[in-house]
Amino acid sequence: MVPTDWGKVVRTVLKGCCMGAADVVPGVSGGTMALLLGIYPELLASLGALSDKALWQDAANLRWRSVLDRINIRFLLPLGGGIGAALLVLARAVEAVLSRWPLQLWSFFCGLILGSAIVIALDRVAWRSDRILLALASLSTVWLCMGLAPAVTPTVPWFLLLCGWLAVGAMLLPGVSGSWVLVMMGQYGPVLAAVNNQEWDIVMAVLAGGAMGLVTVSRALLWLYRRWTQPMLAVLAGIMAGSVRRIWPWNSAFAPSSADADPGILGLTIPDITLAYAASTEFVTVCAAAFAGLALVYIMARSSTSAEAFQHEQPR
């Protein structure tokens, strides 16, 4: 089962690194990177295969080669390796940068998400009136939801299963962060504490819900993607644009990590752009970071398109 196309393996690992880097960021989804990099349908199909009846029949009969082929191991293995490597390497780095240059980092993330929405909207959606309405509806809905502060919720098994299911499902949905779902459901703090304190009953309940979400949500999204590709892309573009509210650099009350935060509405603030502030290092670097995020998305999208076109042109 060793892949022979090592160039494709390397590209898949790098794409996994991009997804892992996105998952490190609160408010940024790995699904956004998957869609942007052109591997979203293959990712959904590979994960959705985990619930195929034929897969489990092959496993029961010990036909492991067929099992690995059905789950597309040549794709999932290097992709998972890239995601894991990025999570291990970048988690501490992002935390350190966030503590020192928060405005610049969130501005960079805004550029990434907004750039992703623009690329999807311009390159992959054939706009019509119905798709414009879908995009506006999803943008408005997500914009309002992103303004809600987390509620206080119970730490009971059925609710932890639901949290894990929704969080993993959100990770597969471009523009929505799994960690933000936990924040919204009031379980981000308790789950982090459970991991640090080795409270395995809580951790396993969330993981079990996540496993169910991984299989069920991926199949549902793949079904939607195959049958209504253009409407779904329009909705996803709106979701990504609406999620910018959560990572706006000057958010007046950024996502609390504790479960006992007071419910309310998170507001956005716009700084007083005086001549002195516009010429300041802070404002210049914040703007530069946003443009850097936009440029990086554009470069990744063009590079991915070029690589796919080159691969299709090669003789088979």
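Peer 1: Quick one: what's the story with the packing of aromatic side chains, residue by residue and with numbers?
Peer 2: The full count for this structure, using the stated rule, is two aromatic pairs. Centre to centre, the rings of W158 and F159 are 5.5 Å apart; their planes meet at 85°, and the pair counts as edge-to-face. Overall, W158 belongs to the exposed group, its relative accessible area being 58%. With centroids separated by 5.2 Å and ring planes inclined at 75°, the aromatic side chains of W223 and W228 adopt a geometry described as edge-to-face.

Peer 1: Provide a residue-level description of the pattern of salt bridges, including the pertinent values.
Peer 2: Here the idea is simple: oppositely charged side chains can pair when their charged atoms come close. Counted by the stated rule, this structure contains two salt bridges. For the salt bridge of D69 with R74, the shortest nitrogen-to-oxygen distance reads 3.6 Å. According to the relative accessible area criterion, D69 is partly exposed, its value standing at 40%. A salt bridge links D130 to R128; the shortest N-O distance between them is 2.9 Å. Owing to a relative accessible area of 34%, D130 belongs among the partly exposed residues under this scheme. Its relative accessible area of 46% is what places R128 among the partly exposed residues.

Peer 1: Which residues make up a nonpolar patch on the surface, and what values go with them?
Peer 2: Taken together, W158, L162, W165, L166 and M212 make up a surface patch of nonpolar side chains, about 480 Å² in accessible area. Sort the elements by how many residues they give to the nonpolar patch and helix α9 (residues 157–172) lands first, with four residues. Tracing the backbone through its elements, the reader meets L162 in helix α9. Looking at L162, the relative accessible area reads 32%, which means it is partly exposed.

Peer 1: Tell me about helix α8 (residues 129–146), and name the residues and values.
Peer 2: With 18 residues, α8 extends 26 Å between its outermost C-alpha atoms, agreeing within 8% with the 26 Å of an ideal straight helix rising 1.5 Å per residue. Where α8 is concerned, the buried positions are R131, A135, S138, V142 and M146. Along the long axis of α8, the arc covered by the buried residues comes to 70°, so they all point the same way. Opposite the buried face of α8, at more than 90 degrees from it, the exposed residues are S129, L133 and L144.

Peer 1: Give me the packing of α8 against helix α13 (residues 229–242): which residues, what numbers.
Peer 2: How two helices sit against one another is set out by the angle between their axes and by the gap between those axes. Packing of α8 against α13 brings their axes to within 7 Å, and their N-to-C directions diverge by 35°. Between α8 and α13 lies a crossing whose hand is right-handed. Between α8 and α13, the contacting residues are R131, L134, A135, S138, L139, V142, W143 and M146 on the first element and Q230, P231, A234, V235, G238, I239, A241 and G242 on the second. Among the residues forming the contact of α8 with α13, the class breakdown is eleven nonpolar, four polar and one charged.

Peer 1: Account for the packing of helix α7 (residues 102–123) against α13, naming residues and giving values.
Peer 2: One can describe the packing of α7 onto α13 by two numbers: an axis separation of 8 Å at closest approach and a directional angle of 160°. With respect to α13, the element α7 is oriented roughly antiparallel. Note on packing geometry: the crossing formed by α7 with α13 is left-handed. Residues I113, S116, A117 and I120 of α7 form the contact with α13, whose participating residues are L233, A237, M240 and A241.

Here is what the cut-offs are and how they apply
Residues numbered from 1 in each chain as written. Predicted model: local features only at pLDDT ≥ 70, side-chain atom pairs only at ≥ 80, totals over all residues. Heavy atoms only, no water. Phe/Tyr/Trp six-rings, centres within 6.5 Å; stacked < 30°, edge-to-face > 60°. Buried < 20%, exposed > 50% of the residue type's maximum accessible area, 1.4 Å probe, protein only. Salt bridge = Lys/Arg side-chain N within 4 Å of Asp/Glu carboxyl O. Patch = residues over 30% accessible without salt bridge, like charges linked within 9 Å, V, L, I, M, F, W, Y side chains within 5 Å. Areas by Shrake-Rupley, 256 points an atom, 1.4 Å probe, with all protein chains shown as cover. Helix = DSSP H or I, 4+ residues; strand = E, 2+ residues; numbered from the N terminus. Expected span 1.5 Å × (residues − 1). Arc of directions from axis to C-beta. Axes fitted to C-alpha atoms, helices over the stretch in contact; angles between N-to-C directions. Left-handed = near helix turned anticlockwise from the far one by under 90°. Contact = heavy atoms within 4.5 Å. Nonpolar A, V, L, I, M, F, W, Y, C, P; charged D, E, K, R; others polar. Parallel < 35°, antiparallel > 145°, perpendicular 65-115°, else oblique.

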